[in-house]
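As a plain string of letters, each chain reads:
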Amino acid sequence: MIQKLYQLKYRIMASQENLFYTLQKVSVDTAIMHYMKLDYLLELLDRRKFYVSLKKNFKDKNEISPPLKHMFPVYQARVDIPDNKLREDLNHMQSKYKDYKDLQDIPASCWTLKPFEDFLMWKSYTSMDRSSVPKNDACGNDIYDYEKELGICIKTTIGNVVASLTYPDFDIFCGKMIYQNYPFYRNKEAFTKSVYFRGEEEFRFYFVPQDTAYKPDDHIELDVNPDVLIDEVILSPFFKKVESERIANVLSARYNIKCRLSGIELIINDEKK
């Protein structure tokens, strides 16, 4: 799979030093957005480090292990398949399985091509896991702490992401995700997801170590220039208005970044924003 990534068709310069490869022909000015927890943003701004998790840490099961039901070809009933075709498909199946396993240790950063706020993206990528949180007290009153939904969204461009990073030991491969349920004869496993995730409109960056023997344990951290990376920061609609205004002022004053409140209006703990 790693060698297949180097066969991506397009090579683009984000700056004089920063070269990257893409699956599709894209403009460096294409707008993308990234939803994250507020503490991740503060870490990025204070330490000037860009955190990238390994693909095997993603929640989608098919990101972690191959979708086995799609690892086998489907033949027409009562039709004899030539031996050479069976051997060819067996080799292809083994290659696909190896490709999926190789990808598990590759750092990947996921962004969305949606150029506007999306409520479901806020819920999916900045909300805490409610599965272990009591939702009601003994009287049935909602006790969920919405103030813990401390999320932000970075708005930028494909070119700015690459140009903001220093990555001498990695090559960057990126592209739009393809939502086609893993067809057997397709060879773009690194950019394929289930159709159930098509609402994400994901654009993904892979950071492939140039040293093939290097295997990160959990994530990597790259030097980043936040002034180049960030066009704008949007605060989660789950903040109370007074909190949003205070945080926006602090971020703007301390880090000199453009920051605004969410355009989504919610009722938070009986307070209308």
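Residues numbered from 1 in each chain as written. Predicted model: local features only at pLDDT ≥ 70, side-chain atom pairs only at ≥ 80, totals over all residues. Heavy atoms only, no water.

Caption draft 1: View of the confidence of the model for the chain. A residue-level look at the chain finds 79% of positions with pLDDT of 70 or above and a mean pLDDT of 82. pLDDT under 50 marks residues 129-134. Its contacts with residues more than four places away, or in other chains, come to nine contacts. (pLDDT = per-residue confidence, 0-100. Contact = heavy atoms within 4.5 Å.)

Caption draft 2: A look at the sheet that holds strand 4 (residues 49-53). In space, the three strands of this open sheet follow the order 4-12-7, with antiparallel pairing throughout. Edge positions in the sheet fall to strand 4 and strand 7 (165-166), since each of these pairs with one other strand and no more. Sheet analysis places strand 4 next to strand 12 (residues 219-224), joined by five bridges and oriented antiparallel. Across the sheet, residue Ser 53 finds its bridge partner in strand 12, namely His 219. (Pairing = 2+ DSSP bridges. Helix = DSSP H or I, 4+ residues; strand = E, 2+ residues; numbered from the N terminus.)

Caption draft 3: Representation of the pairing of strand 12 in the model. The two faces of strand 12 differ: Ile 220, Leu 222 and Val 224 on one face are buried, but His 219, Glu 221 and Asp 223 on the other face are not. With two bridges connecting them, strand 7 and strand 12 associate as antiparallel partners. Paired with Thr 166 across the strands is Asp 223, a residue of strand 12. (Buried < 20%, exposed > 50% of the residue type's maximum accessible area, 1.4 Å probe, protein only.)

Caption draft 4: Spotlight on the pattern of salt bridges. If you walk through the whole model with that rule in mind, you get twelve salt bridges. For Glu 202, the salt bridge identified is with Lys 193, shortest N-O distance 3.3 Å. Within this structure, Glu 117, Glu 232, Lys 258 and Arg 260 form a network of salt bridges that share partners. (Salt bridge = Lys/Arg side-chain N within 4 Å of Asp/Glu carboxyl O.)

Caption draft 5: Highlighting the packing of helix 2 (residues 38-47) against helix 8 (residues 241-255). Contact pair helix 2 / helix 8: the axes reach a minimum separation of 12 Å and the direction vectors enclose 15°. It follows that helix 2 is roughly parallel to helix 8 by the angle criterion. When you trace helix 2 past helix 8, the crossing you get is left-handed. Here helix 2 contributes Leu 38, Leu 41, Leu 42, Leu 45 and Asp 46 to the contact with helix 8, which in turn contributes Ile 247, Leu 251, Arg 254 and Tyr 255. Looking at side-chain class alone, the contact of helix 2 with helix 8 contains seven nonpolar, no polar and two charged residues. (Axes fitted to C-alpha atoms, helices over the stretch in contact; angles between N-to-C directions. Parallel < 35°, antiparallel > 145°, perpendicular 65-115°, else oblique. Left-handed = near helix turned anticlockwise from the far one by under 90°. Nonpolar A, V, L, I, M, F, W, Y, C, P; charged D, E, K, R; others polar.)

Caption draft 6: Representation of the nonpolar core within the structure. In terms of nonpolar packing, the biggest core is built from 40 residues, with Leu 41, Phe 50, Phe 205, Phe 207, Val 233, Leu 235 and Leu 251 touching the most fellow members. What Phe 50 contacts, discounting residues up to four positions off in sequence, is Leu 44, Ser 109, Trp 111, Leu 165, Phe 207, Ile 220, Glu 221, Leu 222, Val 224 and Leu 229. Judged by nonpolar contacts, the second largest core, of 14 residues, contains Phe 58, Ile 106, Ala 108 and Tyr 179. (Core = buried A, V, L, I, M, F, W, Y, C linked by side-chain atoms within 4.5 Å.)

Caption draft 7: Main features of helix 2. For helix 2, the set of buried residues is Leu 38, Leu 41, Leu 44 and Leu 45. In an axial view of helix 2, the angular spread of the buried residues amounts to 120°, which keeps them on one side of the axis. After helix 2 finishes, the residue Arg 48 shows a positive phi value of roughly 55°. (Arc of directions from axis to C-beta.)

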